Structure formats: structure tokens, C-alpha cells
Amino acid sequence: MLAMPMLEVPGSFTMLVPDGWSATENEGTYELTKTGTDGEVHISVFDRDGSRLGDDEAAELVRQFTEGTIVKPRRGLFGRR
């Protein structure tokens, strides 16, 4: 039985990379892609002091990410105004 490749980020995480997927790194962001598909997985590693996340800290990180990556529909899309 062949072993699955691993994505290892020392001091942060180690994960299996499933067959057919490849992993690349660019300035602290890791991208997993599967040949022949549009799907991707992005993993970012943030420097932290080890303390717990604040009450709204996780929500704020998600908000910042989605504002920078989600394209909002234009007016009139699909015939709506």
C-alpha cells in the first residue's frame, strides 16, 4: 500500500494530501488543487502568541477574508433590479 503525501508546516500542522491533489506554498498561504477541477483549498497560517481567540476575532477574520474574495452580484443580474 502506498502512503499518501503529506503537507507539513513545522510548528503549525501536518495533513494528508489526497491522491490526485497537489499542494503549493506562496508566502504563508498553502493551496491544494486537484487536476482537472475548479476546486481549491486555501490554508493560511497566522502568527499568534498562543492565547485563545477573542470573542469576535474569528468572525472578524472570516469577514475580512470574504470581503476580499467573494464577488458581489451586479444589479440586474438574472433579470432582477
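Refer to the structure printed above.
What counts and how
Residues numbered from 1 in each chain as written. Predicted model: local features only at pLDDT ≥ 70, side-chain atom pairs only at ≥ 80, totals over all residues. Heavy atoms only, no water. Patch = residues over 30% accessible without salt bridge, like charges linked within 9 Å, V, L, I, M, F, W, Y side chains within 5 Å. Areas by Shrake-Rupley, 256 points an atom, 1.4 Å probe, with all protein chains shown as cover. Salt bridge = Lys/Arg side-chain N within 4 Å of Asp/Glu carboxyl O. Helix = DSSP H or I, 4+ residues; strand = E, 2+ residues; numbered from the N terminus. Buried < 20%, exposed > 50% of the residue type's maximum accessible area, 1.4 Å probe, protein only. Pairing = 2+ DSSP bridges. 1 Å grid on protein atoms, 1.4 Å probe; cavity = no way out; pocket = protein on both sides within 12 Å on 5 of 7 lines; lining within 4 Å. Points joined across faces, edges and corners; volume = space filled by probe spheres on them. Nonpolar A, V, L, I, M, F, W, Y, C, P; charged D, E, K, R; others polar. Contact = heavy atoms within 4.5 Å.

Engineer: Quick one: what's the story with a nonpolar patch on the surface, residue by residue and with numbers?
Structural biologist: Together, Met-4, Met-6 and Leu-16 give the surface a local cluster of nonpolar side chains, amounting to about 280 Å² of exposed area. Turning to its location among the elements, Met-6 is positioned in strand 1 (residues 6-9).

Engineer: Can you lay out the pattern of salt bridges for me, pointing to particular residues and giving the numbers?
Structural biologist: Within this structure, the stated rule accounts for one salt bridge. We note a salt bridge from Arg-63 to Glu-60, for which the minimum N-O separation is 2.4 Å. In this pair, Arg-63 and Glu-60 both sit in helix 1 (residues 57-69), three residues apart, roughly one turn of the helix. Arg-63 gets classed as partly exposed once you look at its relative accessible area, which sits at 35%.

Engineer: Run through the pairing of strand 3 (residues 21-26), naming residues and quoting values.
Structural biologist: Pairing analysis gives six bridges linking strand 3 to strand 4 (residues 29-34), with the strands arranged antiparallel. Counted as the bridge partner of Glu-25 is Tyr-30 from strand 4. The turn linking strand 3 back onto strand 4 is made up of two residues, and Glu-27 within it adopts a positive phi angle of 50°.

Engineer: Talk me through the layout of surface pockets; I want residue IDs and the actual numbers.
Structural biologist: Of the volumes computed, that of the largest pocket is approximately 170 Å³. Around the largest pocket sit Thr-29, His-42, Ile-43, Ser-44, Phe-46, Leu-61, Gln-64 and Phe-65, which together line it. Those elements that place two or more of their residues in the lining of the largest pocket are strand 5 (40-44) and helix 1. For the lining of the largest pocket, the class distribution of residues is four nonpolar, four polar and no charged.

Engineer: Help me get a handle on the environment of Leu-53, residues and values and all.
Structural biologist: With respect to the helices and strands, Leu-53 occurs in the loop between strand 5 and helix 1. Not counting the four nearest positions on each side in its chain, Leu-53 is found in contact with Arg-48 and Ala-58.

Geometry only, nothing functional implied.
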